[in-house]
Amino acid sequence: MYKIIRSILFWFSPEWVHYFSMNCLKLLCKIGFKGLISAMFVPKGNLQLEQWGLKFSNKVGLGAGFDKNARYLNELEALGFGSVEIGTVTPLPQAGNDKPRLFRLPKDKALINRMGFNNDGVDMVKKRLEAWQKRQSKTKNQKPKIVIGGNIGKNKVTPNEDAWNDYEICFRELHPYVDYFVVNVSSPNTPGLRELQEKESLRKILSHLQGINVTLSHPKPLLLKIAPDLTQEQIDDVIDLALEIKLDGLVATNTTISREQLKTPHSKLDAIGAGGLSGLPVKKRSTEVVRYICEKTYGKIPVIASGGIFSAADAKEKMGAGASLVQVWTGFIYEGPGIVKRICKSL
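Please read these numbers as outputs of a predicted model, since none were measured by experiment.

With that settled, the discussion passes to the side chain of asparagine 184. Structurally, asparagine 184 is set in strand β8 (residues 180-184). Given the relative accessible area of 4%, asparagine 184 is considered buried. Leaving out residues up to four positions away in the same chain, asparagine 184 has contacts with Thr88, Phe117, Asn151, Ile152, Gly153, Tyr167, Leu193 and Asn254.

Below is the structure:
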């Protein structure tokens, strides 16, 4: 059924379809269909696990960039996700890059995006999270509530030397409302951002946030999201730094700037232009990075695996490489709302 719906939706702009689909789902939940939707898509059985002291209802989460502004938490909970990573959130609202900025590559089961951290800003996102938290506190459901991650970044206009301040603002403002944080310095769509992946730049940001974190009454797990395009030496630097400042984990990986071995014609790729590639073409490299980190650290650094997960077999591959949790995004677009249930059924 979803393949038929997808074939129709794929005639329209990807960004328009994203909001159209999620707003339709929001309407259905609002008029009383959330219970029915949950019955269809929430995985059955005892799939609960604990990581960083947080109780996840299952291992399948939704990666950052899908619900940038914390608008659809209720609806994503109804689809069975164990966690949702909101953001990337920046201190000030920003429109992001010019449209069109999201493109499908159906032949490769992939997407290219150059969104550019478009979001409503930390103050508005904080208000939505606060309202969500209040609603959740009133529910009597004893099952683990959906875990909320906060993916944070810097505004485009902020110089890299001042980036630490943007990350601090987001960290402090969202701290009471999210369950864990992910520092995003690996998006290819903000000019100069990936330069912050260099060891000393990273140390300045992460040690500063960790220094704040430990002074708070309820410290939150702090993770770093890395690119698949890092060299082995750069990954080693990330691992050394993560152990040094006691990061709680890594998210591997973000999108890639590579266009190697794609089935999509070069003419179409040239017409699309720059952006981060996600989906099936990233699967192999993402798994390699996950395995390398887990073997190099003997499992001391928990990893959330992201990149090319479309099926239970893909999720098992990531966990076989050492991942503690997995995230989907592009796979959700291509496989539909049943992806969580299908993966969890096999797991």
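Moving on, we come to the packing of helix α6 (residues 199-213) against helix α7 (residues 232-244). Following both chains from N to C, one finds α6 and α7 inclined at 25 degrees, their axes separated by 10 Å at the closest point. Looking at the two axes, α6 sits roughly parallel to α7. Crossing of α6 against α7: the hand is right-handed. Between α6, through Lys199, Leu202, Arg203 and Leu206, and α7, the contact on the second element is made entirely by Asp237, Val238, Asp240, Leu241 and Glu244. Of the residues in the contact of α6 with α7, the class split is 4 nonpolar, no polar and 5 charged.

What follows deals with the sheet that holds strand β9 (residues 222-226). A barrel is described by the order of its strands in space; here 8 strands give the closed sequence β3-β4-β7-β8-β9-β10-β12-β13, paired in parallel fashion. Looking at each pair of strands side by side, their axes are set apart by 25 degrees on average, direction ignored. When β8 meets β9, the two strands line up parallel, connected through 4 bridges. Looking at β9, one finds that phenylalanine 181 is bridged to leucine 222. Helix-sheet contacts for helix α5 (residues 163-174) involve β4 (83-89), β7 (147-152), β8 and β9, and the interaxial angle to β8 is about 165 degrees.

This part is about the nonpolar core. In terms of nonpolar packing, the biggest core is built from 80 residues, with Leu76, Phe81, Leu129, Tyr167, Val183 and Leu224 touching the most fellow members. When near neighbours in sequence (up to four residues on either side) are disregarded, leucine 129 contacts Ala70, Leu73, Ile86, Ile148, Leu174, Tyr177 and Val178. Counting residues in each nonpolar core, the second largest holds 11 residues, with Leu49, Trp52, Val182 and Val251 among its members.

The next point concerns the environment of asparagine 69. Within the secondary structure layout, asparagine 69 lies in the loop between β3 (60-62) and α3 (73-78). The exposure class of asparagine 69 is buried, given its relative accessible area of 8%. The residues touching asparagine 69, leaving out its near neighbours within four places in the chain, are Asn119, Asp120, Val125 and Arg128.

What follows deals with unusual backbone geometry. Excluding glycine, residues mostly have negative phi values, and the peptide bonds linking residues are mostly trans. A cis amide bond links glycine 87 to the next residue, threonine 88, at an omega of 15 degrees. Tracing the sequence through the fold places threonine 88 in strand β4. For the peptide bond that leads from alanine 252 to threonine 253, omega is 15 degrees, which places it in the cis range. Among the structural elements, threonine 253 can be located in the loop between β10 (249-252) and α8 (266-272).

What follows deals with the packing of aromatic side chains. Applying the stated criterion to the full structure yields 9 aromatic pairs. When the centroid spacing of 5.5 Å and the interplanar angle of 40 degrees are considered together, the rings of phenylalanine 12 and tryptophan 16 count as tilted. The class for phenylalanine 12 is partly exposed, based on a relative accessible area of 43%. Exposure remark for tryptophan 16: the relative accessible area of 45% places this residue in the partly exposed category. Ring geometry for tryptophan 16 against phenylalanine 20: centres 4.8 Å apart, planes inclined by 10 degrees, an arrangement best described as stacked. One end of the pair is tryptophan 16 and the other is phenylalanine 20, both in helix α2 (residues 14-41) and 4 residues apart, which spans about a single turn. Here the aromatic residues Phe66, Phe81, Trp329 and Phe332 are joined through ring pairs into a cluster of three or more. We note arginine 6 situated over the ring of phenylalanine 10; from NZ or CZ to the ring centre the distance is 5.9 Å.

Rules behind the numbers
- Residues numbered from 1 in each chain as written.
- Predicted model: local features only at pLDDT ≥ 70, side-chain atom pairs only at ≥ 80, totals over all residues.
- Heavy atoms only, no water.
- Helix = DSSP H or I, 4+ residues; strand = E, 2+ residues; numbered from the N terminus.
- Buried < 20%, exposed > 50% of the residue type's maximum accessible area, 1.4 Å probe, protein only.
- Contact = heavy atoms within 4.5 Å.
- Axes fitted to C-alpha atoms, helices over the stretch in contact; angles between N-to-C directions.
- Parallel < 35°, antiparallel > 145°, perpendicular 65-115°, else oblique.
- Left-handed = near helix turned anticlockwise from the far one by under 90°.
- Nonpolar A, V, L, I, M, F, W, Y, C, P; charged D, E, K, R; others polar.
- Pairing = 2+ DSSP bridges.
- Core = buried A, V, L, I, M, F, W, Y, C linked by side-chain atoms within 4.5 Å.
- Phe/Tyr/Trp six-rings, centres within 6.5 Å; stacked < 30°, edge-to-face > 60°.
- Lys NZ or Arg CZ within 6 Å of the ring centre and 35° of its normal.

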